[in-house]
Amino acid sequence: MLEKAFNPQTAEKEIFQKWTDKDLFACHPESEKPPFSIVIPPPNVTGNLHIGHALNYALQDTVCRYKRMKGFDVLWQPGTDHAGIATQMVVERMLAKENISRHDLGREKFLEKVWEWKAHSGGQIVNQLKRLGCSCDWSRERFTMDEGLSAAVRKVFVKMYKDGLIYRDKRLVNWDPKLQTAISDLEVVQKETVGKMWYFKYPLENNPEKFIMVGTTRPETLFGDTAVAVSDKDERYQDFIGKNVLIPIINKPIPVVADEHADPEKGTGAVKITPAHDFNDFEVGKRHQLPLVNLLTKEAKLNENVPEKYQGMSPLQARPLVLEDIKALGLYDHEEDNPMTIPYGDRSDVIIEPWLTDQWFVDTSKLAPAAVEAVKSGNTKFVPENWENMYYSWMQDIQPWCISRQLWWGHQVPVWYGPDGKIFCEETEQLAQAEADKHYGQPTVLTRDTDVLDTWFSSGLWAFSTLGWPNEDDVHLKKYYPTSVLITGFDIIFFWVARMMMMSMYNMHQVPFKEIHLHGLVRDEKGQKMSKSKGNGIDPLAMCDKYGADALRFSLVVQEGSGRSVLMGESRVENYRNFTTKIWNAVRFCEMNEMTHNASDLSLVQLPINKWMITKLSLAAKEIAKWMETYAFNEASNVLYHFVWNTFCDKYLEAVKPIFYGNDEKGKAETRAVMGAVVDEMLKLIHPFMPFISEELWDKTAVRNQMLMETSWPDWTKYEDIHSMQNQDWIFDLITSVRSVRTQVNVPASTKIQLKIKDANDEQTNIINTNLDIIKSLARVENLTFTNETGKGEVAQVLDGLTLLIPLAGIVDVEKEKERLNKEIDNLTGFIARLKAQLSNEAFVSKAPVNIVEEKKKSLSDSELSLQKINDILTLLG
């Protein structure tokens, strides 16, 4: 006999161990089953499971478990990302507690410390994924810096370099002065603020009475100005174009150039051009061959290219001093408030500086067309489809990808330099040395590039490198590539999805996945972004501990559809814990009523209620499968929820109680067999969504020759009896109608009623008589009779041509009930009038908060609906 309640805290660990012991997560490339493959978006090795992870991995696990049951050979490829910046920061902070910096250790010793940390503390998130129930093939777990993936990274880099797709260039990059590395545009967070726009004069050389007024938000960068740009259509500055103006303070002459970047309608129409410290200015500088003057050190301090008094200061420290000096020269004009955004590093949270430096880049403009065509041709499909337009837009405007980072932890760039700076790019140092010796004609000392690659470079190879590439004969690569689907959040469509598309099309000449399902982000119950500062986050592990992993998983999966946001609060998890309790209690009820698991021939079932249940399960299995095939998780979950709660629990289990209370032994035996068969198949439907409780119930309710996870998806098509199901649905509609009337006229729940049925045809009469016990039990009916007349004091309800009549004498005081309802009408009428008056008052509507106005509109709508219902009840009472 089942325990009174499911205990997830003990059961989940035991069940996961059983799955692992039986190796049920493993793929089988030798199998003739069709492949279904999916690569996990690799979490950072430094990471802990957050609620966004929980959503993503719950969706993937649901799909993988479903596909296994549908007969596929499933490979869910797991692994973790080395997370260059994040991991280096963790280890540096750890060393800092001992007053040690990485520079104290040197590169080699520092990397040893990182690997030590990874061995002892890294990968905690893997155990957390297992806690969630993730059925990855853990025997194939990969790491973006394991030897196989490192070989793949080197091979791809060398190939791309030799194909002219990777190059080294001195360009502006986003420079993080705290981490002292370049970062990508996608790793920059723009924070809104209200700053200042300062206006001052650049005097004309040899004629200081004339000047150009320039507005800037960064006056301290004027020492790096190499031009002032104006529009050739701006009449105010026609005489200045081609002449020089003087930079304030240092009196350095710079040219006035005509360029489209200057907008006559914006500010003064003149723009100071600082090519080494502004991305737009950098492009202007290229168009006019302007010199590049770098003003900053790698720590973002002003360097030797500024006057001595400012050297060593940060830009923010120097700014007020520069403004004072400009004012002292009489060149200052005025300042204005200026709404703006300031770039911050998403890891370091310091201001990011555009900085001129040598970096490695990928020429993504040459890779993007094939990746775009792969989607346009249908080889890869976005789900939902509307994400395609965003993908196309980003690909069309794609910028060179800066792939080098000034870190120590990561894939070191496979490049060596000769004494004259010549580049030797090879997969190994030995190959590079051989090429250098050949080039110079003698043994030559080489120096390796110290940069490492952007983490997203190795992640971009994830879909094929984890399957054994560059060994193109690997059986996993042959069977499981391209992968079937990628499931990930829309927020990394550019970070990861687009880059995997480009790298795979270039390297494999095939798409990395056939479909891309992009899901929404998890927000709090008010739709706000979760954050530590707001204190509105949800700890998924705490939810698992308190309510069980199944409740957490279902609360997430049931909401995911069409990429919309998933709203989460603890109350939602608690609600779906109640669903798991409902499942447990329902199966326990079946066990108490001696359900059997003897594989009876369901085609021999006679009782209409059992035929109905069998058909309902068959149709539910088909509908859930239909939605799962299109990754409509919310639709599939809702079908399951309503099937279990409404169809099985509220209807079937209640409807069969009279059978167990009666004397029909044959009917009892049939119902016990059907009940057992339905429970078994229902657990299969539940399993992909809530694997732990379903597996536990499967194990505890019968002696099994396999675990639930090993079973097949239900297919009871051959047992369907649609006509019988429709008749039984009609009986439940009749019961619902009777219950509705009882509620409307305030019949006490414990009171049994007399039910008269008027104008029933022969077929309806037969169906009612067949289900008499069910109607009496579920509608609380004492006696049911057929009639052709309506009696006095009877409330009536029409259903498909017949009329349901309930005599109220002795049950309800009709006059007293009418009096009560009329009072409700008076109260509601007054309340509605007051609401209408408020909402028609323009002064109120214009001043009141929008949410208050919306609440009042909803209240009005609800009140009008309630008023209509009360009038309908009065009509029933006559």
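Just above, that's the structure.
Nothing here was measured: the structure is a model prediction, and the numbers come from that model.

Undergrad: Report on the pattern of salt bridges, specifying residues and quantitative values.
TA: Under the definition given, this model contains 52 salt bridges. Between Arg-154 and Glu-147 there is a salt bridge; the shortest N-O distance is 3.1 Å. Assessed through its relative accessible area of 24%, Arg-154 is described here as partly exposed. In this structure, Glu-220 engages Arg-218 in a salt bridge whose closest nitrogen and oxygen atoms are separated by 3.3 Å. What makes Glu-220 buried here is its relative accessible area of 1%. Connected through shared salt-bridge partners, Arg-218, Glu-220, Arg-319 and Glu-353 make up one network.

Undergrad: How would you explain the sheet that holds strand β19 (residues 423-425) if you had to name every residue and give the values?
TA: Strand order in the open sheet made by the three strands is β19-β18-β20, with antiparallel pairing throughout. At either margin of the open sheet sits one strand with a lone partner, and together these are β19 and β20 (447-448). As judged from the three bridges shared by strand β18 (residues 415-417) and β19, these two strands associate in the antiparallel manner. Its bridge partner lying in β19, Trp-416 is registered against Phe-424. Docked against the sheet, helix α7 (residues 147-162) engages β18 and β19, running at close to 130 degrees with respect to β19. Against the sheet, helix α12 (residues 429-440) touches β18 and β19, its axis set at about 140 degrees to β19.

Undergrad: Tell me about the packing of aromatic side chains, and please be specific about residues and values.
TA: Applying the stated criterion across every chain yields a total of 38 aromatic pairs. Here the aromatic residues Phe-554, Tyr-576, Phe-579, Tyr-641, Trp-645 and Phe-689 are joined through ring pairs into a cluster of three or more. Note that Arg-65 overlies the ring of Trp-19, its terminal NZ or CZ placed 4.3 Å from the centroid.

Undergrad: A description of the pairing of strand β29 (residues 802-807) should follow, citing residues and the corresponding values.
TA: Among the six residues that make up β29, six are buried, leaving the element largely enclosed by the rest of the structure. Across the two faces of β29 the burial is the same, with Leu-802, Leu-804 and Ile-806 and Thr-803, Leu-805 and Pro-807 all buried. In terms of strand pairing, strand β26 (residues 753-758) meets β29 through three bridges, oriented antiparallel. Looking at the pairing, Lys-758 lines up with Thr-803 of β29.

Undergrad: Please provide a residue-by-residue account of the pairing of strand β14 (residues 353-362), values included.
TA: Of all 10 residues in β14, nine are buried; the element is thus mostly enclosed. As paired strands, strand β5 (residues 166-176) and β14 are joined by 10 bridges and run antiparallel to one another. Bridging from a neighbouring strand, Ile-166 pairs with Val-362 of β14. Taken together, the two bridges between β14 and strand β16 (residues 401-402) define a ladder with antiparallel strand orientation. Bridging from a neighbouring strand, Phe-361 pairs with Cys-402 of β16.

Undergrad: Summarise the packing of helix α18 (residues 549-557) against helix α23 (residues 691-701); cite the residues concerned and give the values.
TA: Describing two packed helices takes the angle between their axes plus the distance from one axis to the other. For the pair α18 and α23, the least separation of the axes is 7 Å and the interaxial angle reads 130 degrees. What the angle tells us is that α18 and α23 run oblique. Touching Ala-549, Asp-550 and Arg-553 of α18 are Pro-691, Phe-692 and Ile-693, all from α23. A per-class count over the contact of α18 with α23 returns four nonpolar, no polar and two charged.

Undergrad: Let's hear about the sheet that holds strand β23 (residues 513-519): which residues, and what values?
TA: An order of β15-β23-β22 is seen for the three strands of this open sheet, with the pairing classed as parallel. Where the open sheet ends on each side, the last strands, each with one partner, are β15 (381-383) and β22 (483-489). Pairs of neighbouring strands in the sheet enclose a mean axial angle of 20 degrees, with direction left out of account. Both β15 and β23 contribute to a ladder of three bridges, which runs parallel. Opposite Phe-382, over in β23, you have Ile-516 as the bridge partner.

Undergrad: Give a description of unusual backbone geometry that names residues and reports values.
TA: Residue Pro-384 follows Val-383 across a cis peptide bond; omega there is 0 degrees. Positionally, Pro-384 belongs in the loop between β15 and α11 (387-396). Put simply, Tyr-481 and Pro-482 share a cis peptide bond, and its omega is 0 degrees. With respect to the element layout, Pro-482 can be found in the loop between α15 (475-480) and β22.

Undergrad: Pulling in residues and values, what's your account of the nonpolar core?
TA: Ranked by internal contacts, the top residues of the largest apolar core, which has 207 residues, are Phe-157, Met-160, Tyr-391, Phe-457, Leu-552, Phe-648 and Tyr-652. No other element matches the 14 residues that helix α21 (residues 633-661) contributes to this core. Apart from the residues within four sequence positions on either side, Leu-552 is in contact with Ile-51, Ala-54, Leu-132, Pro-540, Met-543, Cys-544, Met-568 and Val-573. Residues Leu-204, Val-214, Tyr-237 and Met-313 belong to the second largest nonpolar core, which totals 36 residues.

Undergrad: How would you summarise the environment of Cys-134 if you had to cite specific residues and measurements?
TA: Within the secondary structure layout, Cys-134 lies in the loop between α6 (124-132) and β4 (142-143). Setting aside residues no more than four positions away along its own chain, Cys-134 makes contact with Phe-16, Phe-25, Tyr-57, Asp-61, Trp-76 and Leu-129.

Undergrad: So, α6: which residues are in play, and what are the values?
TA: All of the buried residues along α6 are Ile-125, Val-126, Gln-128, Leu-129 and Leu-132. Within α6, the buried residues cover an arc of 160 degrees as seen down the axis, which keeps them to one side. Once α6 finishes, Gly-133 follows within two positions and takes phi at roughly 100 degrees, a positive value.

Reading the values: rules and limits
- Residues numbered from 1 in each chain as written.
- Predicted model: local features only at pLDDT ≥ 70, side-chain atom pairs only at ≥ 80, totals over all residues.
- Heavy atoms only, no water.
- Salt bridge = Lys/Arg side-chain N within 4 Å of Asp/Glu carboxyl O.
- Buried < 20%, exposed > 50% of the residue type's maximum accessible area, 1.4 Å probe, protein only.
- Pairing = 2+ DSSP bridges.
- Helix = DSSP H or I, 4+ residues; strand = E, 2+ residues; numbered from the N terminus.
- Contact = heavy atoms within 4.5 Å.
- Axes fitted to C-alpha atoms, helices over the stretch in contact; angles between N-to-C directions.
- Phe/Tyr/Trp six-rings, centres within 6.5 Å; stacked < 30°, edge-to-face > 60°.
- Lys NZ or Arg CZ within 6 Å of the ring centre and 35° of its normal.
- Parallel < 35°, antiparallel > 145°, perpendicular 65-115°, else oblique.
- Nonpolar A, V, L, I, M, F, W, Y, C, P; charged D, E, K, R; others polar.
- Core = buried A, V, L, I, M, F, W, Y, C linked by side-chain atoms within 4.5 Å.
- Arc of directions from axis to C-beta.

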